Structure formats: structure tokens, C-alpha cells
Amino acid sequence: MVTIIKNQLLKHLSRFTKNLSPEQISLSALRGSGELQDLTLDEDLLTDLLELPGWVRLTSAKCNRASFRIQWTKLKTVPIVLNLDEVHIALEVCSEPRVLNQNAAAAMPAPGKYSYIHKVIDGISVAVNHVQVDFNCDAFTSSVQISRVTVESRTPDGRKGDLRLTRIKSPDTGQLLIFKELEWQSARIEAKAHGAAAANLPPLRLLLGNTHCRIVIKKRLSDCAVLGSRLVLRPEPLAWALTDGQLRAALACAAALAGPVHRATQLATRTKAARKIEEPIQQIHTRSTSSDRDILARMFAKHDVRETSYHLLAPRIDLHLCDDPGLGRSEMPQLANGGALQVTLVSMQADLFPYHKASDDRRHWRGYREAATPHSQWLSQALSSFCGSLLDLLDPRPITPSTKTASNPERNEETMPNGVSHKPSAPSSNTSNAPPSHATSQASPTRTRILQQLGKLMTTCLVLRIDDFTVYKVSTGSKTRESPRPLVSAEKATLPGDAGLLHAELTFFYYPGDVCFPVPAPKLYVQLSPVRIVLDVPSLVWLAAFLPHVAAAAQANSGDTGSTYMDVRAEVIMPKVVLEAGAEHVAQQRDRPRELHVCTARATLTNVREAARANTPGTRADLASIIAALRRHAPRGHFPSSADDMDPIHEQFVLHADSLDDIDRGTSITAELLWREARGVWCARAEPLWADFSGARATNYRPTPLLDATPLTAWMCFEDGFNRIWVIGRTSGLAGLQINHYQLLFLLRQLERVSQLTAWLSHQASRMPEEPGDVSPRRIEEKPAEEGGGGRLRSAFIHVIEIYSQKPIPGLGGCSSAGSGSGVHTSTWCMSGTCGNCGACCTCGTCGPSSRSSTDGAIVDSDPMDLEFYHRKQIFREFELGRSCNSGVEMAAEVVERSSSPSDHSITSSCKRRDLISTCTWRLNNIYLVQQSVPGKSSLRLTADDLKSDQCSSIPWDEFQTRLKNKFSMRARAWNEPANEDEMRVKEMPRVAARLVRNELPRLLDDNGQPSGLAPFEELLEAQIRDLSMSLNMSTALALSEFIEDEVIAPPMPLEVLILNLKLHLIEDRPTRSISSPPPQPLDLDLTTLRLTRDSNGVVHLGPPVTIETPTSQNPPELQNAREEIDRLNRENEELRKRLNTLDRIAEDNRELRAIAEEASVLRQCAHAAQQEAANLLADKQELLEALRAMKEQMSTIQRGKR
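Residues numbered from 1 in each chain as written. Predicted model: local features only at pLDDT ≥ 70, side-chain atom pairs only at ≥ 80, totals over all residues. Heavy atoms only, no water.

Enquirer: Break down the overall build of the protein for me, citing the residues and quoting the values.
Expert: Each helix and strand counted, the protein has 20 helices and 45 strands in total. By the burial criterion, 44% of the 1203 residues in the protein qualify as buried. Surface accessibility of the protein: about 62,200 Å² in total, with carbon and sulfur atoms responsible for 56%. (Helix = DSSP H or I, 4+ residues; strand = E, 2+ residues; numbered from the N terminus. Buried < 20%, exposed > 50% of the residue type's maximum accessible area, 1.4 Å probe, protein only. Areas by Shrake-Rupley, 256 points an atom, 1.4 Å probe, with all protein chains shown as cover.)

Enquirer: A description of helix α12 (residues 741–767) should follow, citing residues and the corresponding values.
Expert: In this model, α12 (27 residues) spans 40 Å end to end at C-alpha, consistent with the 39 Å of a helix rising 1.5 Å per residue. Its side-chain oxygen 3.3 Å from the backbone nitrogen of Tyr-742, Asn-740 forms the N-cap of α12. (Expected span 1.5 Å × (residues − 1). Polar contact = N/O pair within 3.5 Å; in protein donor to acceptor, adjacent residues only side chain to side chain.)

Enquirer: Explain the pattern of salt bridges to me, and be specific about the residues and the numbers.
Expert: Pairs can form between side chains of opposite charge whenever their charged atoms are close. Evaluation of the coordinates by the stated rule reveals 51 salt bridges. Note that Glu-190 and Arg-205 form a salt bridge whose closest N and O atoms lie 3.9 Å from each other. Of this pair, Glu-190 sits in strand β8 (residues 175–193) while Arg-205 sits in strand β9 (residues 204–208); the two residues are 15 residues apart in sequence, bridging distant segments of the chain. According to the relative accessible area criterion, Arg-205 is partly exposed, its value standing at 43%. In this structure, Arg-465 engages Asp-351 in a salt bridge whose closest nitrogen and oxygen atoms are separated by 2.3 Å. You can see Arg-465 sitting in strand β19 (residues 458–472) and its partner Asp-351 sitting in strand β14 (residues 339–357), a full 114 residues away along the chain. For Asp-351, a relative accessible area of 1% translates into the label buried. Connected through shared salt-bridge partners, Glu-152, Arg-154, Lys-160, Glu-181 and Arg-214 make up one network. (Salt bridge = Lys/Arg side-chain N within 4 Å of Asp/Glu carboxyl O.)

Enquirer: Tell me about the packing of helix α7 (residues 375–394) against helix α8 (residues 445–454), and name the residues and values.
Expert: At a minimum axis distance of 10 Å, the contact between α7 and α8 shows a crossing angle of 150°. With respect to α8, the axis of α7 lies roughly antiparallel. Viewed along their axes, α7 and α8 form a crossing whose handedness is right-handed. Residues Phe-386, Cys-387, Leu-390, Leu-391 and Leu-394 of α7 pack against Thr-446, Arg-447, Ile-450, Leu-451 and Leu-454 of α8. Per-class residue counts for the contact of α7 with α8 are eight nonpolar, one polar and one charged. (Axes fitted to C-alpha atoms, helices over the stretch in contact; angles between N-to-C directions. Parallel < 35°, antiparallel > 145°, perpendicular 65-115°, else oblique. Left-handed = near helix turned anticlockwise from the far one by under 90°. Contact = heavy atoms within 4.5 Å. Nonpolar A, V, L, I, M, F, W, Y, C, P; charged D, E, K, R; others polar.)

Enquirer: Can you explain unusual backbone geometry? Please cite residues and give values.
Expert: Cis rather than trans, the peptide bond between Phe-639 and Pro-640 has omega equal to 10°. On the secondary structure map, Pro-640 appears in the loop between α10 (620–633) and α11 (651–657). Here Ser-659, not a glycine, exhibits a phi torsion of approximately 60°, which is positive. By relative accessible area, Ser-659 is classed as partly exposed at 32%.

Enquirer: Break down the packing of aromatic side chains for me, citing the residues and quoting the values.
Expert: Inspection of the entire model under this criterion finds nine aromatic pairs. Here the aromatic rings of Tyr-565 and Trp-675 are separated by 5.4 Å at their centres, their planes lie at 10°, and the arrangement is stacked. Taken as a pair, Tyr-565 in the loop between α9 (537–558) and β25 (567–573) and Trp-675 in the loop between α11 and β29 (681–694) lie far apart in primary sequence, 110 residues in all. Among the aromatic side chains, those forming a connected cluster through ring pairs are Trp-55, Phe-135 and Phe-140. In this arrangement the basic side chain of Lys-523 is found over the ring face of Trp-378, its NZ or CZ atom lying 5.9 Å from the centre. When the ring centre of Phe-1017 is taken as reference, the NZ or CZ atom of Arg-998 above it lies at 3.7 Å. (Phe/Tyr/Trp six-rings, centres within 6.5 Å; stacked < 30°, edge-to-face > 60°. Lys NZ or Arg CZ within 6 Å of the ring centre and 35° of its normal.)

Enquirer: Lay out the pairing of strand β5 (residues 125–136) with the relevant residues and their values.
Expert: Alignment of strand β4 (residues 81–93) against β5, held across eleven bridges, turns out to be parallel. Looking at the pairing, Val-81 lines up with Ser-125 of β5. With ten bridges connecting them, β5 and strand β6 (residues 140–153) associate as antiparallel partners. Considered in β6, the bridge of Val-131 is made with Ile-146. Where β5 hands over to β6, the hairpin turn is made up of three residues, counted between the paired strands. (Pairing = 2+ DSSP bridges.)

Enquirer: Lay out the pairing of β8 in plain terms, naming residues and giving numbers.
Expert: Here β6 pairs with β8 via 13 bridges, running antiparallel. The partner of Ser-153 across the bridge, within β8, is Lys-180. Here strand β7 (residues 167–169) runs beside β8; their pairing, made up of three bridges, is antiparallel. From the neighbouring strand, Arg-167 faces β8, where its bridge partner is Ile-178.

Enquirer: Hey, could you go over a nonpolar patch on the surface for me, with residue numbers and the actual values?
Expert: Together, Tyr-310, Leu-352 and Leu-462 give the surface a local cluster of nonpolar side chains, amounting to about 230 Å² of exposed area. Residue position: Leu-352 is located in strand β14. (Patch = residues over 30% accessible without salt bridge, like charges linked within 9 Å, V, L, I, M, F, W, Y side chains within 5 Å.)

Enquirer: Describe the environment of Leu-1083, with residues and values.
Expert: With respect to the helices and strands, the residue Leu-1083 is situated in strand β44 (residues 1083–1094). Not counting residues within four places of it along the chain, the set of residues in contact with Leu-1083 comprises Leu-1064, His-1065 and Leu-1066.

Enquirer: Account for the confidence of the model for the protein, naming residues and giving values.
Expert: Averaged over the protein, the pLDDT score is 77; the fraction of residues at 70 or greater is 76%. Contacts from residues 399–441, a stretch scored under 50 in pLDDT, to residues over four places away or in other chains number 70 contacts. (pLDDT = per-residue confidence, 0-100.)

Enquirer: Tell me about the nonpolar core, and please be specific about residues and values.
Expert: Counting residues in hydrophobic clusters, the biggest one holds 67 residues, and the most contacted among them are Phe-135, Phe-140, Leu-345, Phe-469, Val-471, Val-541 and Trp-542. Considering each element in turn, this core owes the most residues, six residues, to strand β3 (residues 56–69). Beyond its immediate chain neighbours, meaning those up to four positions away, Leu-345 contacts Pro-315, Arg-316, Ile-317, Ile-466, Asp-468 and Phe-469. Formed by 19 residues, the second largest nonpolar core is a distinct cluster that contains Ile-626, Ile-627, Phe-653 and Val-681. (Core = buried A, V, L, I, M, F, W, Y, C linked by side-chain atoms within 4.5 Å.)

Enquirer: Explain the side chain of Ser-67 residue by residue, including any values.
Expert: Mapped onto the elements, Ser-67 comes out in strand β3. A relative accessible area of 15% means that Ser-67 is categorised as buried.

Dropping the structure here:
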């Protein structure tokens, strides 16, 4: 008996093993146990039987001992147990997708109806003591060691139980759900990259603790085919420390796998998707009314697997990044010995849906809230636009009326909310007797085939959700042990309910099978809830050294120099950037703040243009209007411009605004046929932006305003990755800027930190290795220029930032930007704006408890195992049931209502102060600001067309800040509209112009003769003030001198100021010292021409402008002719400049007309669609009338027959 059973086992197992003999099998039939030793499996056959991915091949599989135990009398309730001692597996990567082995199909059993034997096999439990997996690739080798692996059948809620409770059979669809759980005690992963590029990279190691994996398999009862599966992996909290060398090794391994995995996955996904679409859905119409069957149906619907999906649930991940000596470590003294950065992720969930139909909804996705993010609307609009563009391109002919019957399937087309058309179910047989219709609409055959193909569009979607994350400040090996402080953290207090912090979706589109047809571009959407970002100089410098070093290695490993075409949209709700005071904070200064908060209600970043509507931010028309405004107001040929300046408006902006940068995809039918719009220009919007001080004792630690709310729109483009950056921007809406003396001191110290940060960033960029083929920056003359002493552009961070703001057209709102400048020894840039007012307000010594409280305002346009099971159950239950939370749009609205808006918390009457302050408000119009940086040199240029002031000698502080009677806002509204049109007209020469230039000097040498530290620099501030008439009180002038007084002595900055036609009226408002003194008289100063200079020693020189005398010419007539020729050329240039301005205005008008034409075209399309819909409705009405007439005739005939 035992021999017969052994021979039968040998007969069946020999197909899967090599050299199996009866001596290797020991069997006890009555006890239901047996053992096999030294098994060597057929790797080629198992590779296909196990359906391994097409990019990997099994090269060896061995097991030293395998035993099994079968309880013959309890097969229905107790599983067969299979125990394996040690399993050794060897895998290798296939450079090309693997071809299916023909012998594998013969070894597979013939499909049949699901029976008792299938229940027994599906219920088998497997336990493995040790698994060793060796992975071999051309670029790396790795090994995975897993201990105590078990695979068991579980109930739907994850408990051990009767085998009959581990399956749910649908009483309606003939389908079955099988529930399994995979668990291992520990896993050790090691990888070692090899090759010339990875010779010095350290090995990569990762340790995983106890991990659970729940698996749900859906089968069809008629043929035992697997219809889908759901895999949910949940590891224990993970802690991983990585150096930059290990991170580069991991990227090298990932890059080696990227190509084979992509090719094999793309082929397998298309093939499986085609098979899933062709699978019939069996319906059992004989439904029973028994309550048991209803319960089974509800349970099956609760746990049903409608499509295959893979999920990762990580409760906590602690990632520690450490730098190694070399280019990845900063030379900053504080970071010279290295540093570490900790990133903590809490409740991270990653979901992959590889076979989702684009026309289906996502309500069945576990834990997914389709209405929780605006991504659904953005995706549906994009799909609708894609379908319309594809139909217009391939079948531009309109739908024509024709004669057809109601049974024609084209008439029953419907459009899903995402824009993809589909056909409903076939009509019942009763409609075959309907009378024919007459005038109706019929789509062309080409359009019908296109809609049919679009109905098969599939997506692969990756969803990432994180409930909370924290990035801590960099920690060094200092002796002082301090708890880590957050660098980036979530503000959960502003989130309603249990809303997640991060939601990201990456969607790819494809068609099942080998079909070449246009698909939409991949789409990436990211939504980030309120976060707090602290500006910490050491941490940012550490990141600037660590990340580029790793990114350069990743780019070298990938070898892909082309950019990926993708639609990207990122939204951040209520972000907050915090600038903290340092050790210089003086607690005795009641008005000195501890923090500065820069906030916005919503910030967006996208490379996709909005719909074409006039005067809408984010459109090409908006970009064109910004370019036109900058062209009109940019100073050319005179101060503060210089011949060495770069053109701040990149050519890519101009081409993109005029739709001249589209990509030529040809006319052949390809997947990328409609990927025509360029994605290299990005638009960033802050709606709105404001800034508040916080932490001052005088205001009871409540926020006080610095910058009132103002919207900001910026456009960016890049070259050579992120090494060359161009930014242009504009603000809109009248904003206010107010500041007092102690807040100014706080800002000066922050500017010093920002200056230090930019210096170290520039230094770190110069350390990066140079690459050949780099070009010089584009000059205004459009000629290549060489940069001396700065290296190539690849080795330096180059950026150009241009901000313009002007008074808008009446009815469109104000356009302004706000900022502040200082005399601190720094060349960092800050935004300043037009249509604005800057004011310095100082209190008298006898007013209020604060003897030096000044305000400067600016208006500018039981059992442990049971507990563990309960905890696991809660985690998986959250995944199964999802979270109940408001939608993303509603959440944003609630956050805005409860958050810190500039009108609610900054200007509040809850903080009562009776300090009397004096205010001085300054107004500037048509401010134009440009900042540019090139290797070894940076400059900041600023112009303004007007400068006016307004003064208030005494006003209570709380009255000044009260929302309902805000004197500051009243002045802002009074200056919202100009007195006349000439006030906002661009002047030929700006009234105020300034230029700050910083030039780097050679670095200092240390004792060893090597350059060390930051390179020193020299600065020069040049300014021109012309054609101004101002009136100022003497008390205000003296208070301003106290207001700008710094608390530290800085080296004097060289400056040159040229004053032309300045009229100053000084009013003596101070009380006289004696009652017999005559009344004070005003003082009038009229400065026609004055040149003020200060050298590096601080010596100030006053005198007339320096003129360069030319030697007397030997040929006076020729000199006279030359002068006349120069005058004539100047007049011609002036005339050409006026014509150019006229052409710019005409071009702007043309762009606005083009935008209006585009909007009209959209309206015409909508009207055409409405006409078509009306024609369809008329046709349906005619059909209904005909059907009603036929029914009446039929009823009349029946009634006559009854009579």
C-alpha cells in the first residue's frame, strides 16, 4: 500500500522536481504524515507555473526537508499542514521580458469546476523555518533571508478558524473569495552594487521585523480561474539609517532594475488587462429569498475584489540620513564633522491599482475618498479635454442629421463624468417592435470607432497617503544633547477630524493588448495639508550638499538625459514658513518678536495651463500680460541697467505665451500624439500671501501684521536641470506693510541669516564637478559672454528673479508687491512693490509705557497575543472601512475660516494697548525689481516712479490696528486710486532707482595653502533720486533716524547716491524751549545736483557729479559733426523706443483679443454641442410622438375588436 502511494507521488512530483527517487520519500498513510528530503525543483517549469514577473527568472530552487500532515477525518475543517525546513532560491534578472515555456502549459492540470479537492488545496497551510533568496543582476547582487514564514487560511476579519469560514461564496455571480494571511518573523535584505561606478559604494542593509500580509483571492467556480486579488502588507514600525553612499548604492540598484521591470510590466499589464476585459461575467438569475443567502450576498459584497490591487500599510517609518566625507558633506564649520537628518512618517499607506478602467468610478477602492481631493475633478476635466481634442483631430466633421432606427447602438451613447463615452446595456426585446424614427443624428463611423476605443482606456494608479510626517533639524556630533526640533512638521490642530496630511496620485494610461492609439499624458497630483516649515540655515545647507550629490549619482546611473512628459499639479493648503529669532533675542524688549510667519491660504504649482479665459491667473494670456508689463517698465539704456545684465525675460516665456513652443508629434497615430503642449514652464500661485510677527510680550504673544494679504503669481522655467532658473512674477491687490523699530531689528538679523544661507548655497554649488558643454548666461544684447573666475554654469546656481507691480486698469483690482530693504551687509534679495506706501512711525518719549515703540507702515499695490491581534485588526479595519472625513475642498474652506488670516488674528481688538504712536506712510508707484545671480557676481535692481509720504503725529496703537477703524487701511483705500492718469503712467526716467552689486573675491588660504571658508566679497550700492518734492515733519525725521538705528556695528557699505532736483519741505513741529522764542519756521531745501559717496572706511563725500573731460580734438568740425550725428541717433532711438512701446501695447491688445477669441471659440463649441443636443431631443420627441401615435392606433384597434 505504501509503495503504491509512493509511486503515485513520484509520478506526479517528478514533473516538478529533478532526480527524485523513492528513497527520498518516507510515508505513513494511516497517520497521514510523510517527509521528503533533498528536493531539487525544476526551475524552468516553476518560473512559469508560479507566474513570476517577466523580468526575473528562477535559476535554482532547493529544499533540504519537507514534511506534511493530513488529518483524513477533518479535511473539511482542518487544513493540511506542510512544513519546510530550509529553502534556497536563486533568481536572475532578464534583460528582455521572459518567453513562456511551452512545457509549463502541459504540466498545468486541466481546468474544471471548483470541487472538493480544490477546497482542500486552497486550505493548505505552509510553514518555512528559513528562506534564502539570492538575487543576481549585472549591476548588483543581493540576498534576502526570511525566518519563520507561515501561510494560513484566515476568516475575513483575520482570525484563525474553521476552514469553511475562510471562504465566501457568492450566491448570485458564481464566484468565491478565499482569505489567506502570510506572516514572517524577521527578514534581512542585503545588496551590493558592483562595477566601475559603484566600486567604493558600501553595501546596503535593511532589517524588517514581524510582518503580516493579508491576501484575498477571487475565483470563478465554473473553471477555477483567478479573477482578481487584493494584497495588503503591514510591517512593524521600521527604523533605517542610510548614509549618502548607501543611498547612492540603492539608487544604482533601482536604476539597474528600472529598464527590465518597466518593459516586462508594461507587456504583462497590457496582456492581463485584455484578458480581464474579455472575461465573461456569469450571472445566476435563480436567486433564493432565504435570509442565509442574503447574508452571504452582503458579506461577499463587503469583501469583494472588484479589481486587483496591492497595498502597503506602514504604521511608522523612521529614516535617518547621514552624510559621508566628500562632496556630500558641507564645509560649513558647524557641519564639518558631519550631520544627520531624521524623517518620521506616521500611518503611511501606498495603494497600487494596475487594471482600473478610466470610465469607472473609485468608490470601491478601500480607504479611498473620491470626494476628498480636487484631483477627481482635475482628472475628469483633463480626460474630457483629451477626448474632445482627439475627436476634433481625427474626425473634425460635425455630426449630420440622417435617418436611423431606435435600435441603432450609436444613438445610445452616453458620456461619463470624466469625459469618456461608453454604451449602456442592450435594449430589451420589446423595443424591436418600436416604429422607425425619422430625423435624428448619426455619428460618423470614424467617431464611433474612436469612442469605442476610448471606452477601453485603462489606468495604472499609484496612491500615496500619509497621516503625519516630521522632518527634524540636522543634528551634529556636538557634546550638547538636545531633543530634535522639527524642521518641517504638520499642524494637525488646523485639520478637521482625522484628515490625512499628504495625498498623492500618479496615473498612467494605456489600452489593453497591443494597441497603438493616443492616450492622455501621465498625471501627478499632490495635495499637502497645513505644514510648518522653519528656516534653519544649517539644515538647509546640509540638504544642499546631501541631495545634489545623491541626485547626480542617480542621474549618472539612469543615463536618461531626456525629461519625462507629465502633467503635474501640487496644492498646499495653509502652509506656514517660520523665521525664528536666534540667540540675539532680548526678552526685555517688549516689542521684539520671536518669530515671523509667512502664510498663504492656498499655494499651487503646476505645469498645465488653465482654460483660456481673459484675466485669469495661470493662463497663457496672463503670462503674456506680465511679459508686456515688464517690457514696458524695464529700464533700458540707463541706470540702474548695465551692459553686463542678463535679459530677465527668458525666451521660453515669450514662446510659451504665444503658443510657439508646442512639440511637433507629427500626424501618425501614436500614444503621444496629443502630448503637444510644452511642460517646461511652471506657474506658482499664492492666494493670498501675508506675513505676521509673533511672540512679542507687548501684544500678549499674539500675531501682529507685517504684510497684509495680497495674491502672488509667479512663472518659472529651468535650464540644465535646476542650475539655471528664471522667475517672473506679479502681485495684485492693494497690500499693506507695517513695521516698528524692534521688528526691523528682527528682520535685519533674519536677512543676515538669509545672506549666510545664500553664500553657503553658492559655495556648495561651486564644489560640484563641472560638466562639458555648459553655456554662458544670455545677455541683453543676445551675445554670448564669458564669466571669469566663476567656473562653468553647471557648477554654480544661477537664477534671475523679476517682479513687477503696477496700478491696474480700473475695475480689475490693484496690482502690487511688498517688501523691505535694509543697509545690512548682505546682498540677498527681497520683493518690493508698486502702488505702495512705506511709513515709519515713532512714538514720543512721553507717550505710552514704551519709550521707544515705533511703527513703520507700508501700503503696497488582557493577553499580549490578543492585544497584538486587536492592534493588527484595528489597522486592517481602518484600511477595509476607510476614514470618514470631509472632502478636500470643504476642509480647505474650514481651515480658512478657523485659521490665521490677516484680518482676523493679526488685526484684532482682543489685544488692548493704549500706546500712542506716530506713523509715517510712504507710497511708491510702478515698482520694478530684478535680482540675478551668476558665478562670482550678483546684482539687485529696483526702480519706482513716485515717492510720497503721509504722517500722523499721534494715534493709539490698538486703534491703529483695529479691524473696523483701521487708520492704516483707510489710508490704503484713500490711495487705492491715483489722483490722475499721469500719476500711474510710466516715467521715462524713474524717480527712485537703486542697484546693489556684489562681487566675490578669491578665497582665503589656510595654513596648508588650501582655500578654506567662504569667499569674501565686496559690495557697492548705487542710487539715484530725481524730480521729487516732499514734505516732512522734523519730529518724524528725527524719529526715522532712531527707527533705522541698528543694534550692531557693521562694516560700512560703499555707496554712491546721485540726487537731482529734490525739493524737501521740513516743518518744525517740535515745541520751543522758551516761551519768548519766535514761532518755528519751516525749512525748504532745494537740491539741484548732489553726489554723495561713502567709501569702505565710512568716510562720506559730498560734491557735484563727476564728469569726465575729453581732450580737445584736433579737428573741431569733425567733432561737431560727430556730436550732431549722435544727437540725431539719440532722437531716432527715442522715436524707435516710442514705436516699440506702441507695438508692445498693440501686442498686448492682440493677446487679449486672442484670449477673447479662444473663449468665443469655446462658447461656439458649447453652442454647437447644445444645438446637437437640441437636435437629439427633437428627434427623441419625434420618436415619442410616433410611438404615442402607434399606441393610440393599437388601442383603437383593440377597442374596436372588443366591440
